[in-house]
Amino acid sequence: MEGEKVQEYFQKITNEETDVSAGVAAIRTLMEVIKLSQSETVQELETNLKDAIHNIKNCNVPVAAITSGCELFLRFITLVGMDTVGSFRDCKQLMLDRGNICLKKFDEARGKISKLASKFLIDGSKVLTHSRSRVVLQTLYHAHKQNKRFEVFVTTSAPDNSGRQMCKELQNIGIPCTLILDSAIGYVMEQIDFIMVGAEGVVESGGIVNKIGSYTMAVCAKEMKKPFYVLTESFKFTRLFPLNQQDLPAEYKYTTKVRESVDLKNAHPYVDYTPPSYITLLFTDIGILTPSAVSDELINLYL
């Protein structure tokens, strides 16, 4: 697939299937690249896949989940045993089979997380969340179906105001929800029982990369002794170790369009970094983890 066709295929998934994350959409795109590839060697095919990842990252979308998901996907499909396969056609089929296994695991991840995290929601709970997270939305819906009664506060989440959509979706399924200003986090914090947020990426230290404002919320939660829970799929675990906000790669903080057209000193970052010391627990498809356990799980994922 040529670069433009790769981008078109990826954007078609993200535009038509709003419940699919950018990371999963990217992996489905890579699967299509493998199917249509005219490569004659594994090395050539890997090069084509890396070119496809580069083109996907230039689709003007946040790339944290795309980077980690694609890296893990490539690692999984080219795992040991390729040298024992006969022809290149057989090798390509093995990669597709492994890719389907990988996609199945990723598709099941959100359901596993919602079952774990919904147990922490009890009658009378007041939950604060930030922006729009698909896995948080599914967790709240799962608890709601169990007839649990709770209330949710959602930040507006400037600059794209994605919290408005989250609040509307929660209200549509019958969950009491209040939309608040980003600047009202401190005001409502004393009323809530805990915070639940998603993540664009989870770094080696156990900290998270997430929508701008997450760090502010975590600092406020720590000061007021409120649990700060992160709900995230394990394919978002990334081999990155930022020390502060400036350590985050520019491609994580700004979309391609912003990086090409605006002086980054004056640009509004899309995400920020929340250090592990502010995170209580991470709910993932591989279990409930403390931030310190992430580095060990990363090693297991890439073995």
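Residues numbered from 1 in each chain as written. Predicted model: local features only at pLDDT ≥ 70, side-chain atom pairs only at ≥ 80, totals over all residues. Heavy atoms only, no water.

Identification of the protein chain as Translation initiation factor eIF2B subunit alpha from Sitophilus oryzae is taken from an unreviewed UniProt entry. Quoted verbatim from the Subcellular location (unreviewed entry) field of UniProt, the annotation for the protein chain is "Cytoplasm, Cytosol". In the Sequence similarities (unreviewed entry) part of its UniProt record, the protein chain is described as follows: "Belongs to the eIF-2B alpha/beta/delta subunits family." (UniProt positions renumbered as here; feature names shortened; annotations may be inferred.)

Q: Outline the side chain of Ser234, supporting the account with residue identities and numerical values.
A: Locating Ser234 in the fold gives a position in the loop between strand E7 (228-231) and helix H10 (250-253). Sequence-distant contacts of Ser234, defined by excluding residues within four places in its chain, comprise Asp285, Ile286 and Leu301. (Helix = DSSP H or I, 4+ residues; strand = E, 2+ residues; numbered from the N terminus. Contact = heavy atoms within 4.5 Å.)

Q: Got a sec to walk through the domain arrangement of the protein chain? Specific residues and values, please.
A: Many authors give the size of an interface as the accessible area that is lost as the parts come together. Each assigned domain of the protein chain is listed here: domain 1 (3-110) and domain 2 (113-302). For domain 1 versus domain 2, the distance between C-alpha centres works out to 26 Å. Contact with domain 1, which involves 24 residues of that partner, is made by 25 residues of domain 2. In total, domain 1 and domain 2 occlude about 2,200 Å² of area from one another, counting both sides; carbon and sulfur atoms represent 55% of this. Three residues, Asn60, Leu72 and Arg110, lead the burial of domain 1 against domain 2; their summed loss comes to 29% of the area buried on that side. At the boundary of domain 1 and domain 2, one finds three salt bridges. Across the salt bridge formed by Lys57 and Glu251, the nearest N and O atoms sit 3.8 Å from each other. Taken together, domain 1 and domain 2 are joined by 12 residue pairs in polar contact (both at pLDDT 80 or more). Of all the secondary structure elements, the ones that give two or more residues to the side of domain 1 that touches domain 2 are helix H2 (22-36), helix H4 (64-77) and helix H5 (88-117). Looking at the side of domain 1 that touches domain 2, the element that brings in the most residues is H4, giving eight residues. When the residues that make up the side of domain 1 that touches domain 2 are grouped by side-chain class, the tally is 11 nonpolar, eight polar and five charged. (Domains from an automatic or database assignment. Buried area = accessible area lost by both parts, 1.4 Å probe. Salt bridge = Lys/Arg side-chain N within 4 Å of Asp/Glu carboxyl O. Polar contact = N/O pair within 3.5 Å; in protein donor to acceptor, adjacent residues only side chain to side chain. Nonpolar A, V, L, I, M, F, W, Y, C, P; charged D, E, K, R; others polar.)

Q: So what's going on with unusual backbone geometry? Residues and values would help.
A: Of note, the amide linkage connecting Ala158 to Pro159 takes the cis form, showing an omega dihedral of 5°. In this structure, Pro159 sits in the loop between strand E2 (150-155) and helix H7 (162-172). One non-glycine residue, Ser157, adopts positive backbone phi at about 65°. For Ser157, a relative accessible area of 0% translates into the label buried. (Buried < 20%, exposed > 50% of the residue type's maximum accessible area, 1.4 Å probe, protein only.)

Q: Can you explain the sheet that holds strand E5 (residues 201-202)? Please cite residues and give values.
A: If you walk across this open sheet you meet the three strands as E5-E6-E8, and the pairing is antiparallel. Each of the sheet's edge strands pairs with one partner strand only, and the pair in question is E5 and strand E8 (271-274). The pairing of E5 with strand E6 (residues 208-211) spans two bridges and is classified as antiparallel. Paired with Val202 across the strands is Ile208, a residue of E6. (Pairing = 2+ DSSP bridges.)

Q: Break down the packing of H2 against H4 for me, citing the residues and quoting the values.
A: In contact at an axis separation of 8 Å, H2 and H4 are set at 40° when each is read in the N-to-C sense. With respect to each other, H2 and H4 are oriented oblique. At the point where H2 passes H4, the crossing takes the right-handed sense. Residue-level inspection shows Ala22, Gly23, Ala26, Ile27, Leu30, Met31 and Ile34 of H2 in contact with H4, the latter providing Ala65, Ile66, Gly69, Cys70, Phe73 and Ile77. Split into classes, the residues belonging to the contact of H2 with H4 amount to 11 nonpolar, two polar and no charged. (Axes fitted to C-alpha atoms, helices over the stretch in contact; angles between N-to-C directions. Parallel < 35°, antiparallel > 145°, perpendicular 65-115°, else oblique. Left-handed = near helix turned anticlockwise from the far one by under 90°.)

Q: Any chance you could break down the packing of H4 against H5 for me, citing the residues and the numbers?
A: Contact geometry for H4 and H5: axes closest at 9 Å, N-to-C directions at 135°. Viewed along their axes, H4 and H5 adopt a mutual orientation that is oblique. Crossing of H4 against H5: the hand is right-handed. Between H4 and H5, the residues in contact are Leu72, Phe73, Phe76 and Ile77 and Met95, Arg98, Gly99, Ile101, Cys102 and Phe106, respectively. Of the residues contributing to the contact of H4 with H5, the split by class is eight nonpolar, one polar and one charged.

Q: Can you lay out the packing of aromatic side chains for me, pointing to particular residues and giving the numbers?
A: For the structure on display, the rule yields six aromatic pairs. Ring centres of Phe194 and Tyr229 lie 5.5 Å apart, and the angle between their planes is 50°; on these two criteria the pair is classed as tilted. Of this pair, Phe194 sits in strand E4 (residues 194-197) while Tyr229 sits in strand E7, placing them 35 residues apart in sequence. The class of Phe194 is buried, set by a relative accessible area of 6%. Owing to a relative accessible area of 9%, Tyr229 belongs among the buried residues under this scheme. (Phe/Tyr/Trp six-rings, centres within 6.5 Å; stacked < 30°, edge-to-face > 60°.)

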